[in-house]
Structures are given as structure tokens and as C-alpha cells.
Amino acid sequence: MKTLIIAEKPDMGRTIAAVMEPRAKNNRTYLEGEKYIVTWAIGHLLGLAEPDAYDDKYKRWNIKDLPIIPEQFKIVPNPKTKDQLKMIGELAKRCNAIVNACDAGREGQYIFALIQQQLKLHQPVKRLWISDLTAESIATGFERLRDASEFEFLTQAARARSEADWLIGMNASRAFTTRHNTLLSVGRVQTPVLALIHDREKEIEAFQSQTFYDVWAEFKQEQIKYKGAWQGDRLTKPEEAEAIAAAVRGKTGEITKYDTKQTKEYPFKLYDLTLLQREANAKYGYSAKKTLDVAQALYERHKVISYPRTNSNYVTEQNIDGMHKALRMLGTGPYADLVQQANPNLVHKQNKSVCNPSRVEDHHAILPTLKRPGTLSKEEQNVYDLVIRRFLSHFFPPAEYKMHTVMTQVDKHLFKTNIKELLSLGWKVVLSKADQDKGKKSKSPKKEDEEETDEWTDKKFEIDAGRPVDCVRAEMKEKATQPPKSYTEGTLLKAMESAGKQMENEELREVMKDAGLGTPATRAATIERLKKVGYIEMKGKKILITEKGKMAIDLIRHAGVDLLASPEMTGQWERRLHQISKGEAAQEKFMDNVKRFTLSIIDKVRQQPPAPANAFGEEARGKRAAGKEGARNARASGGTAAKGVGRASSGRGGSATLEQAAAPASRAAGTAGSAARSSSEGASGFSVSQRQALGSCPRSNCGGSIIEGRKGYGCSHYKQGCGFVVWKEYAGKQITGTMLKSLLTKGQTQLLSFKRKDGSTVKARIVLNEPGTGQLSVREES
């Protein structure tokens, strides 16, 4: 009898067949040769059954029927691919052995395990475990097939992940949806990721920018010029800064301290998937899913890179020879010039920044294979280029710099200068010219109260510390403290990898990898899920949370199940799954904890008062029926958003120029009243009596209170005809709660910076022009 090889996807199956059975007969859904029959799954052929498979009562979502905790989980075929599942079963009857050739990772293991379970396959199983799909790797992999029993713990971890997600997603989504009458998707991973975005946006909204002043001076000693930043307490008054600049301008100073030291900058780590996704997002704006899809195509279809769904940045001793062969392969073609300059001796088994077997578990870092690329799309070429340049960088020496620190004193005022003098470009020759220039300008992360004093030069810097210097120029510069930045997909991936912990230290982040949110293979899908259910939306590269997303997190936290939205705690669950895969933790204990937590969620949500009608940003609560219908058909992690339950608007618009803003906007009283109603009944959703009063309505004889809504701040007496409203965005500025209070009490905001059409900056205030309507204008100040 023959051996059945089951690959994860058709392309992979055909690639394996081309190596193992080159004369195999193609039968559309499988290929048959003399020794092997090669067939494939089409991703997940099976999944966990819906609740109504256990009891018909679960067809209707009812909080009284919760929790749903099956004694034994049932699996069901995907209706779209059931014919392929049937074919695998028929082929298996003709074979006395099976090779699991699904992706060498947790999900690939699970795909095969479900097929084996559903079809009751009893044949002995071997495991093909390879990191790329080149003919050489496939042939070597079949020579070294491993016993399936070696991967039993990985299968347990995969089952635990899937069943835990089902329990929490199905129960929590049904509980919150039925309690609050709107389809709310809740999940073990997606909810803490949403919480990260929610909390970052809260920080941004609460941020109050402070204006301060720097003093810079330029010094000269013969032909050498350098700049220095004044050292002292932060200056908040412009006259103080100008006085310091005037005091040193044109004066002679002395160098009180001059230190130099040599530094080296080594190549960045080889790519794992998350790091590749972050780089592609930063450089090309690709979403995490886009990068994963492109990398998967480079691996599966073009076979020019190794397995991309890896969490390792290192290789093992066995990969070193392959890296040298790949370097030689790149010696002809577009990278030939770089290969000629490369030093193969730098990549060896003792180089721990490249070869570190203790940091390689299932798969090594992403590497080029020995196959030359054919025709690639633009996106494929861009991602391939990232991989190649990162790979080549390790065959070059470190970049070398000489760091100069100069302290210059003029008239009792001290100035600090940091000069970074390039001695050797080293590995940075592999970077594109644009990336090299960008690297020169980049600063290391600094605290808000630290001055940026770094200069970069590729010319020799020499100064005589014993001789005087002339202060040829001095000026003050106005600056403002900056709010935290909204997440991009790249920065969100970084936060997910470390379970939200803000860690600049690469080594600490490395330790946290096993406790991240999701896995490299699932993070892109989590972000796409949040988009699909209307919790987040994109504005350029920025990720913005919608009103529905905000409310979902608020309801979860107010229910007293903070753990569900805790990135760090959920990250610890991911670490436990990793331990299960290594045989270091018990699957049963993990699942018992998940079940207990599921019961806790249901109990807490039952006690929660239902959210008001417009709490989620929908235009009308009449869409509840659509939401319920969608809820009935929702999948395990909370389901797709039903038709009619649209994404909430974030209430953010584009920025306006000063000239556009200064022209007063005329709105009809009816429009203002309508806007006020939207404001007072909008996204936060609580009734007027429940809302916090932010101040008194300035309209004469009104007596109402100003309360916050989705897009603006309106009067609680809108039903009595008050049309007062201040929109949350005006002239490109977000009107914060603090700014609103200033408008209500003083009639104007603090001093702000605005851009003119010509790009110049001017200082101005936003002024409450019409207390009766909330109409604003911008007033310049000289």
C-alpha cells in the first residue's frame, strides 16, 4: 500500500509532489505516484461546532441559557470544503501510512489533528517539519521524518487555544450582546488588543500641550562650527529665553569639558514575522495582513524565503551553511555589488547575534532560500528586498562612530553638544540611500524634558578644548510637549508582542515574546477582526477607535471583568499555552481556569444594567433586530457584524488651515439644534440625567448644562429649543474637555499653534464667538 501525504494547501501539496513523485498523475484534488499519494487541506477543513449543535435552544441568544460549556467539544466540516475532506478520507483507506505535511507550527498541527479526529484515521503518522519549500529542504525533510508523538504537546496547546477562544468568545459575546441589545464581539485576544487602542486614545484626549522654549547657540573655532543647547531648568517664558540668547550672542566662550569615545552599531536582528510586519508598515504602509499574505506568497508560491510565521530572530548551526550558499546565489543579480563587498567569515556558529539555537524553537528567522525569484509583484519585491537587505547586513562589520560631548560656557551659561562622527558605514551600506539618510536624522528615544542635542556628521570633527570659541549666533526656539501617538499597525504589533508593556529594551521584549497577545501567525487576523466588527477604523496609518469600540471596553470594565480586557494577563495565558506546547504545563488545568473565568463573566454581566439606546454610535436603535439576527449567526469569537450594525463614526475630521478656520461658520438654528441633539444623545449613550455636566450653558436664560456627545458638546436643554453646540474638532484642533471649560468660563482657549496655507506657523486662540450658538472663531495674537 501507499503513503498518504496531507499538505495544508494545494500549492504546498503540488510542490511536495514535484519532489517526491515527479511523475505523479494529477487527479485535480490529489496527485498519485508509485509510492505516495499527495493531497491537501484547504486551510481549516473543520472547526468547532456552533452551540446549537449541542442543544436547539442555543439557536436563540438568551443570557439565561449561559454559560455554554460542552463536556466534549464537537467538530463540524466547513460546508465549502466538505468534498475535499471526503476525498482525504477515501484516499486514506488506500494507504497504510500518513505523513502530516501541514505547516510546521501550532495551527498546521491543529488542522491535521482535526482531520485525523473527524475521519478516524488510525494509520501510523510521521511529521514533515521543514522551514522552506525548496526541493532540497523537502527531500531532506522526508529523509528525516519525525514521529507524530513528538508533537503531542503542540497538538494539546492548539486544542486548548481553540477551545479557550470558543468558550470565552461564544459566552462573553452572547452575554454582552443580549444584555446590551447590540452585537458585541468579545474575544480572549481581540478584547485586550482593543483595550490597548482604547487606553492610548484616552491618553491622547487627556493630554494638555505645554509650550516651552529652548535656547540654541552656534560656536566657532577657526573653521569648525558646532551647535549647543542651553542647559538648565525648562523655560516657560519667552522673555527669559530671549534674554539668555541676547546675553551670549557675539560673546567669547570656553570649553569646560570635552569627552570622546568610540562606539559600534551592529546590524539589526534577522526578521521574525512581527518585526517584518512592523518594518513593512513603517516603510510601505502595508497592513499586518498584507505583509503576511505577501510573505506567505513568497514562501509558498515563489519559494524564495523560508517559513514566515516564525517568532525567532535567530538561526541554528545547521542553517549557517545554507546562509553562505544563499549569499553566493545572490552574487549574480541586483544584489551583486553588495555581495562582492560582503565578508562570509562574519556569519559563523559562534556569532550569537545570528546563531543562537536556544532562541529557535519551531522555526528559525526568515531567510532567503537558494531559489532565485522570478517575476514578483511590486509588493512582493518590496518585502523580498527587506528580507534580503536584513540578511546581507550580517555579512558586514558594525558601523563605527566617534562620539564627541562638548560643554561650552558663555557668560555663566552652559551649552551641551553631542556630535556623532561617522568613521565607517559598515553594514549600513546595505541600506537604501533614503534609509541611510533617515538613519542619520533619527534620534534615540528621549524623555520630554531632555533636549535634543545630537548632531551627525560624516566629516572629521576636531576641536581644541584649551582654546576659546566665539558664539556667532544664538536664538530661542519655541516648542510644545507632544501627546502620545496613535497606534499604527506597526506599533500595535510591537505592543501585542510584549502584551502592551512599553519596553524599548530589545532583550526584555525578547523575554516577553512567549507572553504576547496572540502569536505571529494570528496577530494580523486579530487586527482585521477589530476592523470588521466596527471597533476600529483607519485614518492613513493611524488606528482610531470608534464609539462602538470605546463603549465595548467601557462595558467590559464596568462589568467587573477587567481581566478580559487586560493585555498583560491575557499575555500570560498565551505564555501558558506556550508552556503546554513544550510539556511544561497541563492542558486540563489551563482549561479549568478558562471555564472558571467564563462563569465569572456571565455572573458579572447578568448584574450589569443595560446600556442606553444610542450608546454605540448607531444612528437609530431600530437596527436592533438586524443586530439580533446577526448575533444568531455569529461565529465563535463573537461573529461578524450584522448587516445594518454599521461602524460608528469617530467624530474626527481633517485639519483646516488658519484662513479657513478664521472665517465664521454660519449654521441655521435648526441645524445647530439638531447637532446639539446629536451631541446630547450621541455616542456615550447615557441619558441627559446620567451625564456629567461639564459647565453651564452660556446662552442667556437657558439654565441647561453642557454635556459630551459623540461629535460635540451640547446643551441638555436641546428639547426646549437650545441650539448651543461646540464641535469636538475645529480648525484642525481637537476641543478637549479642558479647552471646552476654558471656552465656557473665559470665552477663549489657551494660546495654540496654527499653520497658515503657506506653511508658516502663527500663535492664536480659539474664541467663543456666539455664546448663543457655540459658534467659534480663531483670533491671532502677535
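Chemist: Just checking my understanding: could you explain helix α16 (residues 523-532) for this structure?
Modeler: Every α-helix winds through 3.6 residues per turn, so residues three or four apart in the chain are directed the same way. When you tally the buried positions in α16, you get seven out of ten residues, the bulk of the element. For α16, the complete set of buried residues consists of Arg 523, Ala 524, Thr 526, Ile 527, Arg 529, Leu 530 and Lys 531. Elements that come into contact with the buried residues of α16 comprise α6 (190-206), α8 (273-284), α9 (288-300), α14 (489-497) and β17 (536-539). Positive backbone phi, approximately 80°, marks Gly 534, located one or two places after α16.

Chemist: What's the story with the packing of aromatic side chains in this structure? I'm lost.
Modeler: We describe a pair of aromatic rings using the distance from one ring centre to the other and the angle between the two ring planes. Enumeration over the complete set of coordinates arrives at twelve aromatic pairs. Judged by centre distance (6.1 Å) and plane angle (70°), the rings of Tyr 54 and Trp 166 are edge-to-face. Here the residue Tyr 54 occupies a position in the loop between β5 (46-48) and β6 (75-77), and Trp 166 occupies one in helix α5 (residues 152-180), the gap between them amounting to 112 residues. We classify Trp 166 as buried; its relative accessible area is 1%.

Chemist: Even after reading the chapter, I still don't get the pattern of salt bridges, so can you show me in this structure?
Modeler: Applying the stated criterion to the full structure yields 36 salt bridges. Where Lys 9 meets Glu 300, a salt bridge forms, and the shortest distance between an N and an O atom there is 3.4 Å. Taken together, the residues Lys 9 in the loop between β1 (2-7) and α1 (10-20) and Glu 300 in helix α9 connect sequence positions 291 residues apart. One salt bridge in this structure joins Asp 362 and Lys 582, with 3.9 Å as the shortest N-O distance.

Chemist: Teacher, can you tell me more about the sheet that holds strand β3 (residues 30-32) here?
Modeler: Across a sheet, paired strands are connected by hydrogen bonds in the backbone, their directions being either parallel or antiparallel. One open sheet holds the seven strands; their spatial order is β2-β3-β4-β1-β7-β8-β9, and the pairing between them is mixed. Looking at strand neighbours, the two that pair on one side only are β2 (25-26) and β9 (146-147), the edges of this open sheet. With two bridges connecting them, strand β8 (residues 125-127) and β9 associate as antiparallel partners. In the sheet register, Lys 126 faces β9, and the bridge partner there is Asp 147.

Chemist: Got a minute to help me understand the side chain of Asp 214 in this structure?
Modeler: With respect to the helices, strands and loops of the structure, Asp 214 is situated in strand β10 (residues 211-221). Judged by its relative accessible area of 4%, Asp 214 falls in the buried class. Within the local environment of Asp 214, its side chain forms a polar contact with the side chain of Lys 479, the two groups lying 2.9 Å apart.

Chemist: I keep staring at the nonpolar core and nothing clicks. Help me out?
Modeler: As a rule of thumb, nonpolar side chains are buried together in soluble globular proteins. By size, the foremost hydrophobic cluster in this structure holds 87 residues, and its most contacted members are Leu 4, Ile 115, Phe 176, Leu 492, Leu 564, Phe 590 and Ile 601. Sorting elements by how many residues they give to this core places α5 first, with eleven residues. Beyond its immediate sequence surroundings of up to four residues, Leu 492 is in contact with Val 193, Leu 196, Ile 197, Tyr 487, Ile 527 and Ile 543. Counting 62 residues, the second largest nonpolar core, distinct from the first, contains Ile 138, Leu 298, Tyr 307 and Leu 422.

Chemist: Even after reading the chapter, I still don't get unusual backbone geometry, so can you show me in this structure?
Modeler: Peptide bonds are, in most cases, trans, and in most cases residues other than glycine have a negative phi. The linkage connecting Leu 66 with the following residue, Pro 67, adopts the cis geometry, with an omega of 5°. Mapped onto the secondary structure, Pro 67 falls in the loop between β5 and β6. In the Ramachandran plot, Arg 28 falls in the positive-phi region, its phi being about 70° despite a non-glycine side chain. In this fold, Arg 28 is placed in the loop between β2 and β3.

Chemist: Would you mind showing me how to read the pairing of strand β11 (residues 224-230) here?
Modeler: Walk down a regular strand and you will see the side chains alternate between the two sheet faces. When β10 meets β11, the two strands line up antiparallel, connected through six bridges. In the sheet register, Phe 219 faces β11, and the bridge partner there is Tyr 226.

Chemist: Please clarify how the side chain of Thr 155 should be interpreted in this entry.
Modeler: Mapping Thr 155 onto the fold places it in helix α5. Contact partners of Thr 155, with chain neighbours within four places excluded, come to Gln 109 and Ala 113.

Chemist: Help me out: how do you make sense of the sheet that holds strand β26 (residues 761-770) in this one?
Modeler: Sheet architecture is open: three strands sit in the order β25-β26-β27, paired in antiparallel fashion. If you trace the sheet from one side to the other, it starts and ends with β25 (752-755) and β27 (775-780), each paired once. Taken pair by pair, the neighbouring strands of this sheet meet at an average axis angle of 55°, ignoring direction. As defined by bridge partners, β25 adjoins β26 across four bridges and the pair is classed as antiparallel. Note that in β26 the partner of Phe 754 across the bridge is Val 762.

Chemist: Would you take a moment to explain the environment of Ile 255 for this structure?
Modeler: On the secondary structure map, Ile 255 appears in strand β12 (residues 252-265). Classification of Ile 255 by relative accessible area gives buried; the value is 9%. Ile 255 sits 154 residues away from Gln 409 along the chain, and the two C-alpha atoms are 6.3 Å apart. Residues in contact with Ile 255, not counting those within four places in the same chain, are Gln 221, Tyr 226, Val 406, Met 407, Thr 408, Ile 463, Asp 464, Ala 465 and Val 469.

Chemist: I'm lost on the environment of Asp 337 in this one. Help?
Modeler: Along the chain, the position of Asp 337 falls in helix α11 (residues 336-341). Accessibility expressed as a relative area gives 56% for Asp 337, which makes it exposed. For the pair Asp 337 and Val 430, spaced 93 residues apart in sequence, the C-alpha separation works out to 9.8 Å.

Each value, and the rule that gives it
Residues numbered from 1 in each chain as written. Predicted model: local features only at pLDDT ≥ 70, side-chain atom pairs only at ≥ 80, totals over all residues. Heavy atoms only, no water. Buried < 20%, exposed > 50% of the residue type's maximum accessible area, 1.4 Å probe, protein only. Helix = DSSP H or I, 4+ residues; strand = E, 2+ residues; numbered from the N terminus. Contact = heavy atoms within 4.5 Å. Phe/Tyr/Trp six-rings, centres within 6.5 Å; stacked < 30°, edge-to-face > 60°. Salt bridge = Lys/Arg side-chain N within 4 Å of Asp/Glu carboxyl O. Pairing = 2+ DSSP bridges. Polar contact = N/O pair within 3.5 Å; in protein donor to acceptor, adjacent residues only side chain to side chain. Core = buried A, V, L, I, M, F, W, Y, C linked by side-chain atoms within 4.5 Å. Axes fitted to C-alpha atoms, helices over the stretch in contact; angles between N-to-C directions.

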